Amino acid sequence: MTRLISFAFLALCLMVPAAAQAQSSNEGKSLLQILFPPSDNYNKYRRSDKSPIKRKMISFKENHSVGTIVIDTSDRRLYHVVKPGKAMAYGIGVGREGFTWQGKNRITRKAEWPGWTPPKVMRDRVKRQEGRILPAYMPGGPDNPLGARAMYIGSTIYRIHGTNQPWTIGKAMSSGCIRMANEDVKHLYEQVDIGTRVVVRN
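Keep in mind it's a predicted model, so treat the numbers as computed, not measured. (Residues numbered from 1 in each chain as written. Predicted model: local features only at pLDDT ≥ 70, side-chain atom pairs only at ≥ 80, totals over all residues. Heavy atoms only, no water.)

With that settled, the discussion passes to the overall build of the chain. In terms of regular secondary structure, the chain is built from five helices and 11 strands. Counting every position in the chain, which comprises 202 residues, the buried fraction comes to 40%. Here the contacts in the chain between residues at least 6 apart in sequence split such that 65% fall between residues at least 24 apart. For the chain, the exposed area adds up to about 11,600 Å²; of that, 53% sits on carbon and sulfur atoms. (Helix = DSSP H or I, 4+ residues; strand = E, 2+ residues; numbered from the N terminus. Buried < 20%, exposed > 50% of the residue type's maximum accessible area, 1.4 Å probe, protein only. Contact = heavy atoms within 4.5 Å. Areas by Shrake-Rupley, 256 points an atom, 1.4 Å probe, with all protein chains shown as cover.)

Structure representation (structure tokens):
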């Protein structure tokens, strides 16, 4: 009996530090970091608005009018046609498997440091599949998943937006929105207007 009590006491002693460690692991983290745990590149890019994929001007021979945004989800690049035969290429994050889409539309709204209202279907899905509770609304700011800028695509739920998770650029991790590093989304935001044509292809 004494031995059994000793084992129980030892187990309790081991559990308490583990629980304390789990609690302390969230200390100092933003809500964004708790809701969306980082991947391997987190430490490299966590304090940066820069993309791990540097934007660059490229030759672009496709037949799109100047000003058009062309999003290639398979290449994980966004091309902004700046003049005939030339486009600025940006690295992007895209929808994970089952959440990619394609089509043509236009930018219908632009916002700086936008607030985030996750659709109910998204909140329900995350709760059901991952056991996490997403907020019904999160004000804009440094911890907001939409980052520094957002450009809304038609009347869809999709946006081209910034991210405070630059380590996700080049990956398929979103629920369908197009992610850009904050530095890149600010750059693009200044170049495009309401009504800009957007072409999304897989």
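Text resumes after the structure shown.
On to the pairing of strand β11 (residues 197-201), then. Here four bridges tie strand β2 (residues 69-72) to β11, and the two strands are oriented parallel to one another. Within the sheet, the bridge partner assigned to I71 lies in β11 and is V200. Alignment of strand β6 (residues 103-112) against β11, held across four bridges, turns out to be antiparallel. When the bridges of β11 are listed, N105 appears paired with V198. (Pairing = 2+ DSSP bridges.)

I69, I71, L78, M151, I160, M180 and L188 are the most contacted members of the largest nonpolar core, which has 20 residues in total. Where this core is concerned, the elements lending two or more residues are β2, β4 (86-91), β7 (149-153), α5 (182-189) and β11. Among the elements that line this core, the one with the most residues is α5, at three residues. Setting aside its immediate chain neighbours within four residues, I160 contacts I69, I71, L78, I107, R149, A150, M151, I153, I178, M180 and L188. Core analysis: the second largest hydrophobic core is formed by nine residues, M122, M138, A150 and Y152 among them. (Core = buried A, V, L, I, M, F, W, Y, C linked by side-chain atoms within 4.5 Å.)

Here we take up the pattern of salt bridges. Scanning the entire structure with this criterion turns up seven salt bridges. Among the salt bridges present, the one from R149 reaches E112, with a minimum N-O distance of 3.9 Å. On the criterion of sequence distance, the pair formed by R149 in strand β7 and E112 in strand β6 is long-range, its members being 37 residues apart. You can call R149 buried: its relative accessible area is 11%. For the salt bridge of E130 with R132, the shortest nitrogen-to-oxygen distance reads 2.4 Å. For R132, a relative accessible area of 19% corresponds to the buried category. (Salt bridge = Lys/Arg side-chain N within 4 Å of Asp/Glu carboxyl O.)

Before going further, it helps to spend a moment on the side chain of R159. Locating R159 in the fold gives a position in strand β8 (residues 159-161). One polar contact links the side chain of R159 to the main-chain carbonyl oxygen of I157, over a distance of 3.5 Å. The residues touching R159, leaving out its near neighbours within four places in the chain, are T117, L146, A150, M151, Y152, I153, C177 and I178. (Polar contact = N/O pair within 3.5 Å; in protein donor to acceptor, adjacent residues only side chain to side chain.)

The next thing to look at is the sheet that holds β6. Taking strand neighbours across the sheet as the criterion, the nine strands line up as β1-β4-β3-β2-β11-β6-β7-β8-β10 in an open arrangement whose pairing is mixed. The sheet is open, and its two borders are formed by β1 (56-59) and β10 (178-179), each paired with just one other strand. When β1 meets β4, the two strands line up antiparallel, connected through four bridges. The residue bridging K56 from the neighbouring strand is A89, located in β4. Those strands touched by α5 are β2, β3 (77-83), β4, β6, β7 and β8, and its axis lies near 60° from that of β7. (Axes fitted to C-alpha atoms, helices over the stretch in contact; angles between N-to-C directions.)

Turning our attention to α5. Considered for burial, the residues of α5 that qualify are N182, D184, V185, L188 and Y189. Angularly, the buried residues of α5 cover 160° about the axis, an arc narrow enough to put them on a single face. For α5, the elements touching its buried residues are β2, β3, β4, β6, β7 and β8. (Arc of directions from axis to C-beta.)

Within the structure shown, the criterion is met by two aromatic pairs. Across from the ring centre of F99, 4.5 Å away, lies the NZ or CZ of R96, which sits over that ring. Sitting above the plane of the Y152 ring, R109 keeps its charged end 4.4 Å from the centroid. (Phe/Tyr/Trp six-rings, centres within 6.5 Å; stacked < 30°, edge-to-face > 60°. Lys NZ or Arg CZ within 6 Å of the ring centre and 35° of its normal.)

Here the focus is unusual backbone geometry. Excluding glycine, most residues fall at negative phi; most peptide bonds, likewise, are trans. Even without glycine at this site, R76 takes up a positive phi of about 55°. As for its placement among the helices and strands, R76 is situated in the loop between β2 and β3. Accessibility expressed as a relative area gives 28% for R76, which makes it partly exposed. Despite not being glycine, W113 shows a phi value in the positive range, around 45°. Judged by relative accessible area, W113 falls into the partly exposed class, the value being 36%.

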